[in-house]
Protein chains: 2
Amino acid sequence: MSVKTVLIVDDEPAIREMIAVALEMADYECLEAADAREAHALIIDRQPDIILLDWMLPGTSGIELARRLKKEETTANIPIIMLTAKVEEDNKIRGLEVGADDYITKPFSPRELVARLKAVLRRATPPGIDAPIEVDGLTLDPSSHRVTANDSFLSVGPTEYRLLQFFMTHQERVYTRSQLLDQVWGGNVYVEERTVDVHIRRLRKALGARHDHLIQTVRGAGYRFSTQPA
Amino acid sequence: MSVKTVLIVDDEPAIREMIAVALEMADYECLEAADAREAHALIIDRQPDIILLDWMLPGTSGIELARRLKKEETTANIPIIMLTAKVEEDNKIRGLEVGADDYITKPFSPRELVARLKAVLRRATPPGIDAPIEVDGLTLDPSSHRVTANDSFLSVGPTEYRLLQFFMTHQERVYTRSQLLDQVWGGNVYVEERTVDVHIRRLRKALGARHDHLIQTVRGAGYRFSTQPA
DNA sequence: AAAGTCTGTCACATGTTTGTAACACTGGGG
DNA sequence: CCCCAGTGTTACAAACATGTGACAGACTTT
């Protein structure tokens, strides 16, 4: 899961600040804009995953910006959450008609904000319909999160599962420990490269004698998942 | 497929109008009522196939009407979709407890409304979907709202019932806590993810040793309902 | 009003997973 | 045959995820 980028559009610096703090604590990356022009530039430039848009903006209003964004093909599928101090329901309806995906009335708790944001992002990324991957009697099924070897279930830990999933979707190619750390652990963690060895070992053990040869050591280079003999 | 008749109950003429337009474009026949009395008369008289019921009504509240309708035998099986402007999600739960079949928070898009309406009708019409689900001696019967384990009734709370129903209709697949909150609690509720754990625990306890293994923990991922061993 | 139910949250218990270090082994070059 | 860099293997404490019991507040029923 990569870190999501949130664009906060509000003319009040204090509010932006408050939101940004809350979001950063929840591991989101924040961009800030004070008006529609600035927002638009950032959208094009940085491609945020979701936009928090204040109803009231100097110049072009928030709702106007939302409408424009939803009209353009390149930005239409970026989810938008409208923020407003207004209580009137009309605004709410108009906001959503314009294509906003959710709506938060100020004042709101940081917790609620984060929860809503999560919900919207979740809905925007529909649950994957990943097909099971099968190799040589070994099956990994993402939807049930299960690994099967000839009809019997294998018990693999979380990291080993991710490792196996990566390998099965990237067969026949060598990956260095460093690359594996990037791809399986996620870019910005600091762990020893030898840690990969240990997890490879654990994965092989979990796979059992019947399949552990699929994970091949390439001396001086890294590891490879291959159906071909080493 | 005959044309379905929809009764719209809302005190705001503008909203009724908006809904009616959307529904008529989707080929539904619309009836409108502004309050509970009017609604009741139309229900007896015209026998709508489904009711869209606003939460806020002058006089008898929407929820009160729903409760009454679900209590009476002649009207109990008319599906009800609750509409509300309230943000508090407690309402959602109470609305569903009363027997509403779905729930939509204003504001909503006409698209969403039609989609939900269709879904509810689909669920309501074929007797098949109302059929009891049986797994390994454990039976959930939506029509009687009961859970049975080998001929003895189990006492499960409302949330646990919904959780179980969701799981039994979505077996063999992992759901994250987040997804479960979406599916079982409802889209924009905001509760801690750990709350899911607690309800899982309660459900397991209610199921008893004989069946609690059906709810499996998938470490680092979520939960799964499965007849296969973990 | 009282007793009971249900829910969400917390604090603590329990159990797993993870990263690391330490040591054992291997294979290929000299 | 010996080196030794590279890899396999094991053990372990810390970090983390989940299980579990208790509790307060909101509602419902008596």
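All figures in this text were calculated on a predicted structure; none of them were measured in a lab.

Draft legend 1. Structural view of helix α2 (residues 36-46) of chain A. Residue and element names in this part refer to chain A. The complete set of buried residues in α2 reads A36, A39, L42 and I43. Down the axis, α2 shows its buried residues gathered within 125° of arc, on one side only. Turned more than 90 degrees off the buried face of α2, the exposed positions are R37, I44 and D45. Of the surrounding secondary structure, the elements contacted by the buried residues of α2 are β1 (5-9), β2 (29-33), β3 (50-54) and α3 (62-71). For α2, the N-terminal cap is D35; the gap from its side-chain oxygen to the backbone nitrogen of R37 is 3.1 Å. Taken from the residues just after α2, Q47 is the one with a positive phi, measuring 50°.

Draft legend 2. Spatial organisation of the side chain of S144 of chain A. For S144 of chain A, the location among the structural elements is in the loop between β7 (138-141) and β8 (146-149). Within the structure, S144 of chain A has its side chain in polar contact with the side chain of D141 of chain A (distance 3.1 Å).

Draft legend 3. Local environment of the protein's contact with DNA strand C. Among the 24 residues in the neighbourhood of DNA strand C, the closest are listed as T159, E192 and R202 of chain A together with T159 and R202 of chain B. Atoms of DNA strand C within 4 Å of the protein: sugar and phosphate make up 66%, bases the balance. E192 of chain B has a polar backbone atom sitting 2.8 Å from a phosphate oxygen of DNA strand C. One nitrogen or oxygen atom from the side chain of H199 of chain B is found 2.9 Å from a phosphate oxygen belonging to DNA strand C. Among the elements of the structure, α6 (158-169) and α8 (194-207) of chain A together with α6 (158-169) and α8 (194-207) of chain B are those that each provide at least two residues to the surface near DNA strand C. Each residue belonging to the surface near DNA strand C can be placed in one class, and the counts come to nine nonpolar, six polar and nine charged.

Draft legend 4. Structural view of the sheet that holds strand β11 (residues 215-218) of chain A. Residue and element names in this part refer to chain A. Read across the sheet, three strands follow the order β10-β12-β11 without closing on themselves; strand pairing throughout is antiparallel. The open sheet has two free edges, formed respectively by β10 (174-175) and β11, since each of these has just one partner strand. By the bridge criterion, four bridges tie β11 to strand β12 (residues 222-225) in an arrangement that is antiparallel. Among the inter-strand pairings, I215 is bridged to a residue of β12, identified as F225. Lying over the sheet, α6 contacts β10, β11 and β12, oriented at roughly 65° with respect to β12.

Draft legend 5. How the structure looks around the pattern of salt bridges. Tallied over the full model, the rule gives 10 salt bridges over all chains. Between R67 of chain A and E64 of chain A there is a salt bridge whose closest N-O contact spans 3.7 Å. Residue R67 of chain A and its partner E64 of chain A are both found in helix α3; the two are separated by three residues, about one turn of the helix. The partly exposed category is assigned to R67 of chain A, whose relative accessible area is 34%. A residue is classified by how much of its surface remains accessible, and E64 of chain A, at 31% relative accessible area, is partly exposed. The shortest N-O distance in the salt bridge between E29 of chain B and R46 of chain B comes to 3.1 Å. Taken together, the residues E29 of chain B in strand β2 (residues 29-33) and R46 of chain B in helix α2 (residues 36-46) connect sequence positions 17 residues apart. The network of salt bridges with shared partners includes R177, R194 and D197 of chain A.

Draft legend 6. Structural view of the sheet that holds strand β6 (residues 133-135) of chain B. Residue and element names in this part refer to chain B. Taken together, four strands build an open sheet; the order of strands is β6-β7-β8-β9 and the sheet is antiparallel. Only two strands of the sheet have a single neighbouring strand rather than two, namely β6 and β9 (152-154). In this sheet, adjacent strand axes meet at a mean angle of 25° when their direction is disregarded. Its contacts with the sheet put α6 on β6, β7 (138-141) and β8 (146-149), and the angle it makes with β7 is roughly 110°.

Criteria and cut-off values
Residues numbered from 1 in each chain as written. Chains lettered and ligands numbered in written order. Predicted model: local features only at pLDDT ≥ 70, side-chain atom pairs only at ≥ 80, totals over all residues. Heavy atoms only, no water. Buried < 20%, exposed > 50% of the residue type's maximum accessible area, 1.4 Å probe, protein only. Helix = DSSP H or I, 4+ residues; strand = E, 2+ residues; numbered from the N terminus. Arc of directions from axis to C-beta. Contact = heavy atoms within 4.5 Å. Polar contact = N/O pair within 3.5 Å; in protein donor to acceptor, adjacent residues only side chain to side chain. Near = heavy atom within 4 Å. Nonpolar A, V, L, I, M, F, W, Y, C, P; charged D, E, K, R; others polar. Pairing = 2+ DSSP bridges. Axes fitted to C-alpha atoms, helices over the stretch in contact; angles between N-to-C directions. Salt bridge = Lys/Arg side-chain N within 4 Å of Asp/Glu carboxyl O.

This is a description of form; function is not addressed.
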